[in-house]
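# Descriptive structure summary
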Protein chains: 4
Amino acid sequence: MPNLKSKIMPPAHPFDTSYLRDSEDGDKLKEECGVFGVVGVADASNFVALGLHALQHRGQEAGGIVSHDPEAGFQSARRFGYVRDNFTSQKVMETLPGELAIGHVRYSTTGSKGQTAIRDVQPFFGEFAMGGAAIAHNGNITNANALRRELIERGSIFQSSSDSECIIHLMARSLQRNIPERMEDALRRVEGAFSVVAMTRTKLIGVRDPLGVRPLVLGKIGDGWALSSETCALDIIGAEFVREIEPGEMVVITPKGVESHFPFRRQSSRFCIFEHVYFSRPDSILGGRSVYETREAIGRELAKESPVEADLVCPVPDSGTPAAIGYSLESGIPYAMGIIRNQYMGRTFIEPTEQIRNMGVRLKLNVNRALIKGKRVILVDDSVVRGTTSRKIKEMILDAGAKEVHFRIASPPTAWPCFYGVDTPQREKLLAATMSEEEMRDHLAVDSLKFISLDGLYRAVGEAEGRNSKCPQYCDACFSGEYPVTPADQLAQGFEMKPAAE
Amino acid sequence: MPNLKSKIMPPAHPFDTSYLRDSEDGDKLKEECGVFGVVGVADASNFVALGLHALQHRGQEAGGIVSHDPEAGFQSARRFGYVRDNFTSQKVMETLPGELAIGHVRYSTTGSKGQTAIRDVQPFFGEFAMGGAAIAHNGNITNANALRRELIERGSIFQSSSDSECIIHLMARSLQRNIPERMEDALRRVEGAFSVVAMTRTKLIGVRDPLGVRPLVLGKIGDGWALSSETCALDIIGAEFVREIEPGEMVVITPKGVESHFPFRRQSSRFCIFEHVYFSRPDSILGGRSVYETREAIGRELAKESPVEADLVCPVPDSGTPAAIGYSLESGIPYAMGIIRNQYMGRTFIEPTEQIRNMGVRLKLNVNRALIKGKRVILVDDSVVRGTTSRKIKEMILDAGAKEVHFRIASPPTAWPCFYGVDTPQREKLLAATMSEEEMRDHLAVDSLKFISLDGLYRAVGEAEGRNSKCPQYCDACFSGEYPVTPADQLAQGFEMKPAAE
Amino acid sequence: MPNLKSKIMPPAHPFDTSYLRDSEDGDKLKEECGVFGVVGVADASNFVALGLHALQHRGQEAGGIVSHDPEAGFQSARRFGYVRDNFTSQKVMETLPGELAIGHVRYSTTGSKGQTAIRDVQPFFGEFAMGGAAIAHNGNITNANALRRELIERGSIFQSSSDSECIIHLMARSLQRNIPERMEDALRRVEGAFSVVAMTRTKLIGVRDPLGVRPLVLGKIGDGWALSSETCALDIIGAEFVREIEPGEMVVITPKGVESHFPFRRQSSRFCIFEHVYFSRPDSILGGRSVYETREAIGRELAKESPVEADLVCPVPDSGTPAAIGYSLESGIPYAMGIIRNQYMGRTFIEPTEQIRNMGVRLKLNVNRALIKGKRVILVDDSVVRGTTSRKIKEMILDAGAKEVHFRIASPPTAWPCFYGVDTPQREKLLAATMSEEEMRDHLAVDSLKFISLDGLYRAVGEAEGRNSKCPQYCDACFSGEYPVTPADQLAQGFEMKPAAE
Amino acid sequence: MPNLKSKIMPPAHPFDTSYLRDSEDGDKLKEECGVFGVVGVADASNFVALGLHALQHRGQEAGGIVSHDPEAGFQSARRFGYVRDNFTSQKVMETLPGELAIGHVRYSTTGSKGQTAIRDVQPFFGEFAMGGAAIAHNGNITNANALRRELIERGSIFQSSSDSECIIHLMARSLQRNIPERMEDALRRVEGAFSVVAMTRTKLIGVRDPLGVRPLVLGKIGDGWALSSETCALDIIGAEFVREIEPGEMVVITPKGVESHFPFRRQSSRFCIFEHVYFSRPDSILGGRSVYETREAIGRELAKESPVEADLVCPVPDSGTPAAIGYSLESGIPYAMGIIRNQYMGRTFIEPTEQIRNMGVRLKLNVNRALIKGKRVILVDDSVVRGTTSRKIKEMILDAGAKEVHFRIASPPTAWPCFYGVDTPQREKLLAATMSEEEMRDHLAVDSLKFISLDGLYRAVGEAEGRNSKCPQYCDACFSGEYPVTPADQLAQGFEMKPAAE
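Here is what the cut-offs are and how they apply
Every chain begins its residue count from 1, and numbering advances along the sequence as written. Naming scheme: in the order in which they are written, chains are lettered from A and ligands are numbered from 1. Residue-level local features of this predicted model are given only where pLDDT is at least 70; pairs of side-chain atoms are given and counted only at 80 or more, and the full residue set underlies all totals for whole chains, interfaces and linings. UniProt positions are given in the numbering used here, feature names are shortened, and annotations may be inferred rather than shown by experiment. Numbering of helices and strands runs from the N terminus, with a helix taken as a DSSP run of H or I at least four residues long and a strand as a DSSP run of E at least two residues long. The exposure label follows from counting other C-beta atoms within 10 Å of a residue's C-beta, where the C-beta atoms are placed from the backbone and the thresholds are 20 or more for buried and 12 or fewer for exposed, leaving partly exposed in between. For the purpose of contact definition, each residue receives a C-beta atom placed from its backbone, and two residues are in contact when these atoms lie within 7 Å. Domain segmentation is taken from an automatic or database assignment of domains. Note on pairing: two strands pair once DSSP finds at least 2 bridges between them. Only the stretch in contact is used when a helix axis is fitted, and all axes are lines through C-alpha atoms; the angle between N-to-C directions ranges over 0 to 180 degrees. Here the copies are superposed with least squares, the fitted atoms being C-alpha atoms of residues at a pLDDT of at least 70 in both. Roughly parallel means an angle under 35 degrees; roughly antiparallel, over 145; roughly perpendicular, 65 to 115; everything else is oblique. Here a crossing is taken to be left-handed if its near helix is turned anticlockwise relative to the far helix by less than a right angle, and right-handed if that turn runs clockwise. Residue polarity is assigned by list, with Asp, Glu, Lys and Arg as charged and Ala, Val, Leu, Ile, Met, Phe, Trp, Tyr, Cys and Pro as nonpolar; anything else, Gly included, falls into the polar class. On a scale of 0 to 100, pLDDT captures the predictor's confidence in every residue. Given the number of residues in a helix, its expected span is that number minus one, multiplied by 1.5 Å.

The name given to chain A in an unreviewed UniProt entry is Amidophosphoribosyltransferase, with the source organism recorded as Sulfitobacter noctilucicola. UniProt's Function (unreviewed entry) comment on chain A is quoted here verbatim: "Catalyzes the formation of phosphoribosylamine from phosphoribosylpyrophosphate (PRPP) and glutamine." Note on chain A: under the UniProt heading Catalytic activity (unreviewed entry), the record states "5-phospho-beta-D-ribosylamine + L-glutamate + diphosphate = 5-phospho-alpha-D-ribose 1-diphosphate + L-glutamine + H2O".

Okay, structure coming up:
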């Protein structure tokens, strides 16, 4: 017991208070938002609260709801923290009457990260000459800085540091006569990824950017309609899944029906492939199949590509679970829960420094020592971002007496940041940006480390021929460095793209 | 879509506020407490906070810590809610200095259920002529009412409605000259189940009742020692698991070492078999084996006893998972996550009425529709208490298009209440108290329903010969109705025991 | 004891929670705001907090502070409730660093009365092309509705319901090149009463409207400067009172000195005479004399105009105190505290309905029964608004056994609403709008009721010749119905001004 | 401006958070408690809340209410802070049903000063063999330490650090068969000062110690009854003042009527004379006269004893006001408010150190500079304790340009601590314990300083012959050092009484 001393020096306090903000892994890519809207049912805001609750994995920092009722007009409530803690009391929900409501959960915006003010919490609202409108935005505007500068010079006053506020100011200045047209006008000036849910006094509006990077689906509930980032939120309110909103489509919905428009120039779509890997909930349906099944298929593909002899297949909880099951089914190696998650945390905690993050993993995960001892263990995780969690988990497994540790990763190496609505570390913090697969294996000091290939991932998500390198079927910029929309603001701040020749 | 109307009538508010108290399943038996103590390391209360956090599954309603420091004397903090929300700030932890501390998490006491006052939250503290002492108690005193009456007649003033307070008053009136002897004196008057962690100004004390109904383990941390309900809480602080405290043993611990006493008349031990089935965390070690492995073995045993042809084995999350894995491994039927739990809830929410509880399940669980459709599904759950959750889950699975639903339960029918520190419904609310297995199957309207046999359960926990009906190796009163300690207070209140002849 | 039953029916709860918002009398005119700013001293926001605390009588609903520091940039904190409850902790004040800060306390705005959102709390902030600016406004803009409509049509997005937000949007659209000039530009479009304290990154700015309706004073603190609604707030921070800002003057202050501009067309000034009667704190200095002395002089004048034989002169606490002392000194009738105020309330509580307001007076005031019994009592109050308090106090005095009750009021009958930054009831709720002095006496059922004459009031505030009816020296619209600025928004909403001929 | 620098160095934060606990003067003696009880009216706890609100000046740190209802049994709520902040919501008051309730407000106990735990907040409750009882105690037990030691040795467990808890433990051990007799039994063991309000399931009980040191009065409300520390709290609920409870009397009250007992050996009464000087509210009635009138009479007596030529008589607000009015009426020198109190504070703030206390005075009080300048000012205060406030006020007055400052004090020099329920500094902190009147005048650097004589004070409170030095009519130990009850605990801790010969 040589270095025990360090083990028994407790931190100044046993938990970091950032646990209270926990729930997303400090070593994961983080989806930034979920959006939800309902029209044509009584107490629409209650359904929105339920929907946002089901989308909580897409953003835990804050949430907001705007409703409209002919008598009460537009009402809003925006709060930090979980939906279940803020939009549960009769007292709050009574302030949001009406048959039309939209809502938003967010992790953080491009703006004031770490110091988010309540004014940064969406939906945003604007009063126009022809009436008010509220919008909720999932994605990221890649020319937001330039738009903001232009709007301020023209006399707009920004209330938030969010890139999404540009949309409402652009709408305020549009020359069009009605709000849907003003929104088209505004969104044509916007570059990047966006799935928007918006509302006027009488209409629920949904829009996806021309590439369809972020998801958005349509549901039917009674005589009304719902829009949601994912189908799992339709399930929670008992709504029927109708279809996905198409890339570049705008739907304008009233209780009477759904009008569809295509205001943008048509392009080939590039849906975010990472939604399949990690962001979406396993019980959501994407492309006609449950995300769970896709992830199981990724695990099977991984077992085919990178087999290894071992005694147990263990998931890194919870996000590695379906792929681990797939790996086990394909390989015939028994599946077991070698690592137990403390359920009184969320996925993992957000923590400010890498040092505390390392510590955090001990608090959240525990190894099933008696099970692991003397075994050859395959650990399946969804991705490796900074690599800090992986290293820590490997140490826990070895401390518990495992004979061998083999990592299998259900996505290719994450080597490039995302600028389309995902919170990624700076490029130099990404393990795969600076190391080859072997270097990573050595860095993690494991017996083997294998990532699924990009083609393998494409096959698992249903592209039998793999990736079409001429015209990729998905946005996979985080793996390939090929950005379907030029990240203008980031380039202006010095980000260097991959040379075209590479 | 015939009865859609009812589906689209939202509740008055979308969540019941009782979610805030969530985390234990309204349809589960509930362990009432976890205890933890540390002596001989700096900032002992920080370790206690971490330990209690790891034991949070044993009680989510409230927690408390008492520490002692030569300068500050005894200090305490007791709060409602989670450890992570109450014992995380530097501000709170600084009020609990010293190298000696104990703590307690509780679900509820025998006393003022649902209206718990903070004064009911342990540890309890008493100032005696020879100095102060604090105690934390896991279990239940079955002659508490009689003791309380006697003590009040002698002039004691009770501050709480907790049965555990009797212990400290008995200690106050003992004629012995030091605190450990006073505690022996007091505990010899107490009937029922108890694992006690206590402290004086210089000593950490642990005691288990003669039957050893509730767990208690000893760990080594640096130059100090720890006592814990389960080994998983030793892991979180990096302590080494030394051994279980024996039934009927009292340990008196100082930094210098551990003294062992056996103050009670020796008896055969009767450890709670339900700790294996549900209460303990899967990564804890009981009887030399991880609880996870035991549960996997229960699943295997169940597959042997009650096989059925099917396409998928799905756990009822999260407590049915290890048994489902065992069932799958034994039967060869693929394991799959057919039901997804919303991670932003705890296990399930506590809710006041059965009606809301039914609703609760929809909020917390979602079926993986695309996966389940057209399949024959085996659902593995740890136990059936009221049966409300089971019925609801079955409906969800059928709604999603499953072809057949087979329930397999990893414990025998729960037909009798527990009086030894577990919160069970009144007997008439237990489904198995009023129905046979077939009646339950009909009631739940499933294709088949099978419980593991009592002998099968004993085999799975390591008794190769099964249950010794002359002298059972475990307390299994909840299944068998055979109570190892006469529940005196309950009999006085009209509870009828199983006729001896039965 | 005939109607005792009604006396012993307690309210559903003993206090109305609106007490928590208390402090201003439901039967008083309410000043809407206080402003304060400091430049050139370290930790400027701390001084602003102290200044706002001293101005708390001008607004208790909410308060805000904006500071600027070269490193931290603009920072702000806005809260509901008292300054002492919100701007006292090190934690909050550390977020407001720098040598330049402004602040605001408010009662309510013209906007969302009773439902004030935090976004309505000043100071307001705007980012312009040449940098940010924050403004705090005391007064009321009488053409706010029209301005707002115009700005929205041009594409501005309002975040609050406050009339004051117009100023910052007008500034955003100004063609001028620096912020002080943009402010001049903006304020030239604004009608009504305003005392504004504003700041850029380097400058503290103060402006009074051309009539100088609301007060604003300049002070010197060390090497820095302060602007304040009243001198009492200079005293609290140890600043020296330099001079009043002149009507129509804009001062632009840096640590180096004070520049003075007169951007508006010159007019005769019309300072609010009610500041002397009630709004300002008695220890503030207005026109070179303490407000206390002016109020004592009003009492003396009232004693000359309306003498009566009596045993005691009692103030209606606390606002009637100085005038009662003056009346006593002039008349020789002993001064006594016949009514005792419960110090754990503020002035009086704000309460939603007249019924509760009546009850409120009993909670807040108690009669000195032993003292009053059998006496002829002169009660001196500052004003009569709705008359509800007066009637209640009269009843208390009579219940206590007074022989006679004579009311003397230190202001003329309040018959017209104020539109310049004071919260007055609708005209029909003003007792003096519908009754003559005799009718009011009968309504209140007192032995006599006399108001000071308008000329008497002018004499007391120092105009030896009384009111110049051609060109009144003060704004006395609430007494005379002569509005120095046309209340455009109110006329548009149907308010009827006094016929010119009257 | 030589030492301006120090003036413009702000504190780390502008207010000390101890302001939040404000309301009593750090330089005043502090009454420790107020008690109130009601029987025989619906919703008794609401009346108790109102009564405690009216008694808030007797204790601001915390308050508690216990009620009894046949169905709900005993219920209690105990909170830190003001009555208006804790006992106002319907939600809280509904938890306190029934026609019988008692309550308590406290400043602090002899126990854990500054670290009061909620468990120290009265009323205390005990369950006895014949039913429960709750007690609320105003006063101090001078043999509490000895009683506590004895009770612990017998096996009692104390939950609080309050001296008052002894009473309930003595009651628990009494051999008597009913609660009133047990209370008599207990109180006969208690030495010191006590006014107790207690309740059983059916009875309201009031007791005063044999000397009647602390006040207690009886009122009639509808068909029920009330007990209160002062009559002002009867006024607030519309109850009729019946009579004072006599020294040594116990009243046992049911809705049917009031039984009177005298369980103690009779003695001459010794009511606390400081209740007249400062503690009681001016609108309360003591000895048939309003406290206000008594204080005015003290001022008149002071003017007779210690006249001086001057321009103004100013009170030190607020406690000096009635004596200042009396001084003015007797002397003919005009009364004026030369010092203005910031109404958003309480009397003064409690602050931890003398240094901050000095600062505190500036925050709370402001001089009416324009009024004071060039004047000879008589300042009338109720008492001088540490002298810190007096010195500060004198400086403020001189800074404002006063020509002369004359202090007149409405009580004799406070030279001895009180041990009967008042929080006094240690003897060496009392200015008058170490200085003569001239030394104090020099210390304060004022033009003159005069205290009323002890005989003068007795005359003003109605003893025409002054003090009977053989058998003083009042307890005046704080002035005379003659303690009517031997302070046993204090002597044991080293307190030295005045030599008998002196």
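Additional details are given in the paragraphs that follow.
## Let's talk about the overall build of chain A
Within chain A, the secondary structure is distributed over 19 helices and 25 strands. In chain A, which comprises 502 residues, the share counted as buried stands at 63%. Across chain A, the fraction of contacts at a sequence separation of at least 24, relative to all contacts at a separation of at least 6, is 71%.

## Describing the domain arrangement of chain A
In terms of domain boundaries, chain A breaks down into domain 1 (19-270) and domain 2 (290-461). The straight-line distance from the C-alpha centre of domain 1 of chain A to that of domain 2 of chain A is 33 Å.

## As for the sheet that holds strand β3 (residues 62-69) of chain A
Note on sheets: strands pair through backbone hydrogen bonds, and any given pair is parallel or antiparallel. Residues and elements named next belong to chain A. A sheet is described by the order of its strands in space; here seven strands give the open sequence β4-β3-β5-β2-β11-β10-β12, paired in antiparallel fashion. Whereas interior strands pair on both sides, the edge strands pair on one side only; in this sheet they are β4 (73-80) and β12 (240-244). Taken pair by pair, the neighbouring strands of this sheet meet at an average axis angle of 15°, ignoring direction. In the sheet, β3 pairs with β4 via eight bridges, with the strands oriented antiparallel. Bridging from a neighbouring strand, G64 pairs with R78 of β4. Contacting β2 (33-39), β3, β5 (100-106), β10 (217-221) and β11 (224-228), helix α2 (residues 44-54) runs over the sheet at an angle of about 155° to β2.

## Focus: the UniProt feature "binding site: [4Fe-4S] cluster" (unreviewed entry) in chain A
Residues and elements named next belong to chain A. Per the UniProt record, the feature "binding site: [4Fe-4S] cluster" (unreviewed entry) sits at C272, C418, C475 and C478. Annotated residues spanning 207 residues; largest pairwise C-alpha distance 10.1 Å, indicating a single compact cluster. Within the fold, C272 resides in strand β15 (residues 271-272). With 26 C-beta atoms counted inside 10 Å, the residue C272 sits in the buried group. Apart from residues no more than four positions distant in its own chain, C272 is found in contact with V213, R214, Y420, Y474 and C475. Given 23 C-beta atoms within a 10 Å radius, C418 is considered buried.

## Let's talk about helix α6 (residues 165-173) of chain A
Residues and elements named next belong to chain A. Taking burial as the measure, the nine residues of α6 include eight buried ones, the bulk of the element. Listed in full, the buried residues belonging to α6 are E165, C166, I167, I168, H169, L170, M171 and A172. Along its buried surface, α6 packs onto β6 (124-128), β7 (131-141), α5 (144-153) and α7 (179-189).

## Describing the UniProt feature "active site" (unreviewed entry) in chain A
Per the UniProt annotation, the sites labelled "active site" (unreviewed entry) are C33 of chain A. Setting aside residues up to four positions removed in sequence, C33 of chain A forms contacts with R58, G59, H104, V105, R106, Y107, H137, N138 and G421 of chain A.

## Structural notes on the environment of C475 of chain D
Along the chain, C475 of chain D turns up in strand β25 (residues 474-475). For the pair formed by C475 of chain D and C418 of chain D, sequence separation is 57 residues and the distance between their alpha carbons is 9.9 Å.

## Points about the relation of the copies chain A and chain C
Mapping chain A onto chain C calls for a screw motion: a turn of 180° about the axis and a shift of 0.1 Å along it, with 0.1 Å RMSD after fitting. Put plainly, the chains are arranged around a two-fold axis. Relative to the rotation axis, the C-alpha of S156 of chain A is the closest in chain A, positioned 2.9 Å from it. With an isologous cut-off of 70% or more, the 100% of interface residues of chain A that recur at the interface of chain C puts this contact in the isologous class.

## A few points about the packing of helix α10 (residues 291-305) of chain B against helix α11 (residues 321-331) of chain B
The packing of two helices is summarised by the inter-axis angle and the distance between the axes. All names here are of chain B. Where α10 meets α11, the closest approach of the two axes is 6 Å, and the angle between their N-to-C directions is 50°. One finds that α10 runs oblique with respect to α11. Considering the relative orientation of α10 and α11, their crossing is right-handed. Contact residues: Y292, R295, E296, A297, I298, G299, R300, L302, A303 and K304 in α10; P322, A323, A324, I325, G326, Y327, L329, E330 and S331 in α11. Among the residues making up the contact of α10 with α11, the classes are represented as eleven nonpolar, three polar and five charged.

## Brief notes about the interface of chain A and chain C
With 15 residues of chain A at the contact, the number on the chain C side is 15 residues. Top contributing element to the side of chain A that touches chain C by residue count: α6 of chain A, with four residues. When the residues that make up the side of chain A that touches chain C are grouped by side-chain class, the tally is seven nonpolar, five polar and three charged.

## Points about unusual backbone geometry
All names here are of chain A. Put simply, Q122 and P123 share a cis peptide bond, and its omega is 0°. With respect to the helices, strands and loops of the structure, P123 is situated in the loop between β5 and β6. Its identity is not glycine, yet A445 carries a phi of approximately 55°, on the positive side.

## Considerations on the pairing of strand β2 (residues 33-39) of chain C
All names here are of chain C. β2 sits mainly inside the fold: seven of its seven residues count as buried. Burial of β2 is two-sided: the residues C33, V35, G37 and V39 facing one way and the residues G34, F36 and V38 facing the other way are all buried. As paired elements, β2 and strand β5 (residues 100-106) share seven bridges and run antiparallel to each other. When the bridges of β5 are listed, F36 appears paired with G103. Examined bridge by bridge, β2 and strand β11 (residues 224-228) share four bridges and lie antiparallel to one another.

## Overview of the sheet that holds strand β6 (residues 124-128) of chain B
Residues and elements named next belong to chain B. In spatial order, the strands read β6-β7-β8-β9-β13-β14; together these six strands make up an open sheet with antiparallel pairing. Looking at strand neighbours, the two that pair on one side only are β6 and β14 (257-261), the edges of this open sheet. Averaged over all pairs of adjacent strands, the angle between strand axes in this sheet comes to 20°, irrespective of strand direction. Pairing of strand β9 (residues 204-208) with strand β13 (residues 250-254) involves four bridges; the strand directions are antiparallel. Bridge pairing in β13 links V207 to M250.

## Re the environment of R441 of chain B
Residues and elements named next belong to chain B. Residue placement: R441 occurs in helix α16 (residues 437-444). Looking at R441, the number of C-beta atoms within 10 Å reads 17, which means it is partly exposed. Distance in space between the C-alpha atoms of R441 and F407 is 8.7 Å, their sequence separation being 34 residues. Residues within four places of R441 in sequence aside, it is in contact with V446, S448 and L449.

## Concerning the confidence of the model for chain A
Residues and elements named next belong to chain A. Averaged over chain A, the pLDDT score is 88; the fraction of residues at 70 or greater is 88%. In the model, residues 1-25 has pLDDT below 50 throughout and makes 55 contacts with residues more than four positions away in sequence or in other chains. Here residues 109-114 is a poorly scored stretch, pLDDT under 50, and it has 16 contacts once near neighbours within four places are set aside; other chains count. Confidence estimates for the predicted assembly give a pTM of 0.82 and an ipTM of 0.84.

## Description of helix α14 (residues 388-399) of chain A
Residues and elements named next belong to chain A. Between its first and last C-alpha, α14 extends 17 Å over twelve residues, near the 16 Å set by a 1.5 Å rise per residue. Among the residues making up α14, those that are buried are T388, T389, S390, I393, K394, M396 and I397. One or two steps after α14, the chain reaches G401, where phi turns positive at roughly 95°.

## Quick word on the environment of G374 of chain C
Residues and elements named next belong to chain C. For G374, the position within the fold is in the loop between α13 (369-372) and β21 (376-381). The exposure class assigned to G374 is exposed, which follows from the 9 C-beta atoms found within 10 Å. Taking C-alpha positions, G374 is 5.6 Å from G401, a pair spaced 27 residues apart along the chain. In this structure, G374 is in contact with G401 and K403, ignoring residues within four places of it in sequence.

## Quick look at the pairing of β11 of chain A
All names here are of chain A. The element β11 is largely enclosed, with a buried count of five among its five residues. Side chains G224, A226 and S228 project from β11 onto one buried face, and the interleaved W225 and L227 project onto a second face that is buried too. Relative to β11, β10 runs antiparallel, the two being bridged by five bridges. Paired with V217 across the two strands is S228, which belongs to β11. Between β10 and β11, which pair antiparallel in sequence order, lie two residues; one of them, G222, sits at a positive phi of approximately 55°.

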